[in-house]
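Fold and geometry: a report
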Amino acid sequence: MNATSPEGGAGVGAPRATAEKPTKGLADVVAASTALSDIDGKAGRLFYRGYDIHDLAGRTTFEETAHLLQCGALPTRDQLAAYGAKLVDGRALGALVEANIPEIAEKMAPMEALRTLVSLAGAEDPDKDSNDVEANLRKAARLTAQQPILVARYHAARSGVSVPDPDPGLSVAANFLLQITGRTPDPRAVEIFDACLVLHADHTMNASTFAARVCAATLSDMHSAIVAAIGTLKGPLHGGANEQVMRTLQSIEPGSVASTVRQMLADHQKIMGFGHRVYKTEDPRATHLRKMSQELAQAAGDDTYFRMSREMEQVVLDEKGLYPNVDFYAATVYHYLGIPTDLFTPVFSVSRMSGWTAHVIEQHADNRLIRPDSEYIGERDQKWEPIDAR
């Protein structure tokens, strides 16, 4: 089976590639030093700045987590209030972005739209010409504040409906659900979505984070680095797996999950949401998301997709020994929260913006151009001939 992992990285004690033996896809190659996040793949543990994700999810808000990643520490109450004020101030979209949302929503798919809108936002950012730490911190807060607004405004524009203005008294999670669904969200739904944002905030040197750091390493600006990250997340082998999980569940008859999955495995079809380049046991984020999916399914009064997910999980474990990764149960969680399926990857970017921007800050603070070598495998000693003789 071709199991797809959305994110990968080097585990503790992983082998290193050498100049004599290149590693395809840079697997297990340590590309940067970071103080932001770490993974113990054998034990199935994820840490943000030394804090176990199991201690943070459901107990620490997304705003606190973004402050931890971007500013280096969990905030005090005063620091959290100050950071929250920055997010509220940073939500306002510039005139260039506002003017282009309708046409972009009409002509572009979600991730294409976000890539373009973030680029436009960079042209209007007051700190666009500075990579200084303080300027980067301000840009990081603005990008974190604006990303959920961009997703919601895009969705409203393509749907031909108006979107409620963000409420300065609500959290990032609550405002997003308010703007996407058009109604005041249930407090427990807000808590669950907030925990989802925390779980997706950072994940070592995954493909989009690496792309952001490569861009930032040239001393390009933060918005350019984030555009590179969004373009990378757009790819179905990185972002998009949670969307494909939901579409797979919707394509299967509830009573034929086991037989359908076994046939897919026999036909060597990709089953998204299983396996991981780093974790050798269950993805710790999936542990939380499974429980959230079950709770939301029970609250909805229809647990069909959750039951199907559990059955699919068991079949893949029995047949291939693979555990679900973060994308598998994120799909049904987002579905039960009322988020459109094609916005699952954009929601990923809402959360990961906190990590991407933190990595850009870290790269700029101790920079060296990222320029790997390559192994030439083409022809040698070719002899030039005039065009008429070829």
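First, a word on what this report is: a plain description of the structure on this page.

Rules used throughout
In this numbering scheme, every chain counts its residues from 1 along its sequence in written order. Totals for whole chains, interfaces and linings use every residue, but because this is a predicted model, local features are given only for residues with pLDDT of at least 70 and side-chain atom pairs only at 80 or more, for both listing and counting. The side-chain numbers reported here are obtained from all heavy atoms of the structure, hydrogens and water having been left aside. Helix numbering and strand numbering both begin at the N terminus, where a helix is a DSSP run of H or I of at least 4 residues and a strand a DSSP run of E of at least 2. Here the globule rule reads 2.2 Å times residues to the power 0.38, and the radius of gyration is calculated from C-alpha atoms. The cut-offs for exposure are 20% and 50% of the maximum accessible area for each residue type, with area from a 1.4 Å probe on protein chains only; residues under the lower value are buried, those over the upper are exposed, and the others partly exposed. Should any heavy atoms of two residues lie within 4.5 Å, those residues are considered in contact. Surface accessibility follows the Shrake-Rupley procedure with a 1.4 Å probe radius. Residue values consider only the protein chains on display as shielding. Under the counting rule used here, the positive set is Lys and Arg, the negative set is Asp and Glu, and His together with the chain ends is not counted. Think of each charge as sitting on NZ of Lys, CZ of Arg, CG of Asp or CD of Glu. The set of buried Ala, Val, Leu, Ile, Met, Phe, Trp, Tyr and Cys residues whose side-chain atoms join them within 4.5 Å is what this entry labels a nonpolar core. For Phe, Tyr and Trp, rings pair up if their centres lie within 6.5 Å, where Trp contributes its six-membered ring, and each pair is then called stacked (planes under 30 degrees apart), edge-to-face (over 60) or tilted (otherwise).

**A few points about the overall build of the protein**
- Scanning the protein from terminus to terminus reveals 16 helices and three strands.
- The globule rule puts the C-alpha radius of gyration for 390 residues at 21 Å, and the 22 Å found for the protein is close to it.
- Dimensions of the protein along its principal axes, counting C-alpha atoms only, are 70 × 55 × 50 Å.
- Looking at the protein residue by residue over its 390 residues, the buried ones come to 51%.
- Considering only residue pairs separated by 6 or more positions, the protein has 76% of its internal contacts joining residues 24 or more positions apart.
- When the accessible surface of the protein is summed, it comes to about 18,100 Å², and 49% of that surface belongs to carbon and sulfur atoms.
- Here the protein contributes 39 positive and 50 negative side-chain charges, whose respective centroids are spaced 3 Å apart.

**A few points about unusual backbone geometry**
- One non-glycine residue with positive phi stands out, namely L219, at about 70°.
- Judged by relative accessible area, L219 falls into the exposed class, the value being 53%.

**Thoughts on the nonpolar core**
- Core analysis: the biggest nonpolar cluster contains 107 residues, and F193, M312, Y334 and I339 have the highest contact counts within it.
- Contacts of I339, omitting those with residues within four sequence positions, involve F176, L177, I180, F193, Y334, F344 and V347.

**Section: the packing of aromatic side chains**
- Overall, the coordinates contain six aromatic pairs when judged by the stated rule.
- Each ring, one from F328 and one from Y329, has its centre 4.9 Å from the other, and the planes form 85°; the classification is edge-to-face.
- Considering the side-chain rings of Y334 and F344, the 5.5 Å spacing of their centres and the 65° angle between planes classify their relative orientation as edge-to-face. On the criterion of sequence distance, the pair formed by Y334 in helix α15 (residues 326-336) and F344 in helix α16 (residues 344-365) is long-range, its members being 10 residues apart.
- Judged by relative accessible area, which is 1%, Y334 ranks as buried.
- F344 gets classed as buried once you look at its relative accessible area, which sits at 0%.
- Feature note: the residues F176, F193, Y334 and F344 constitute an aromatic cluster, connected by ring pairs.

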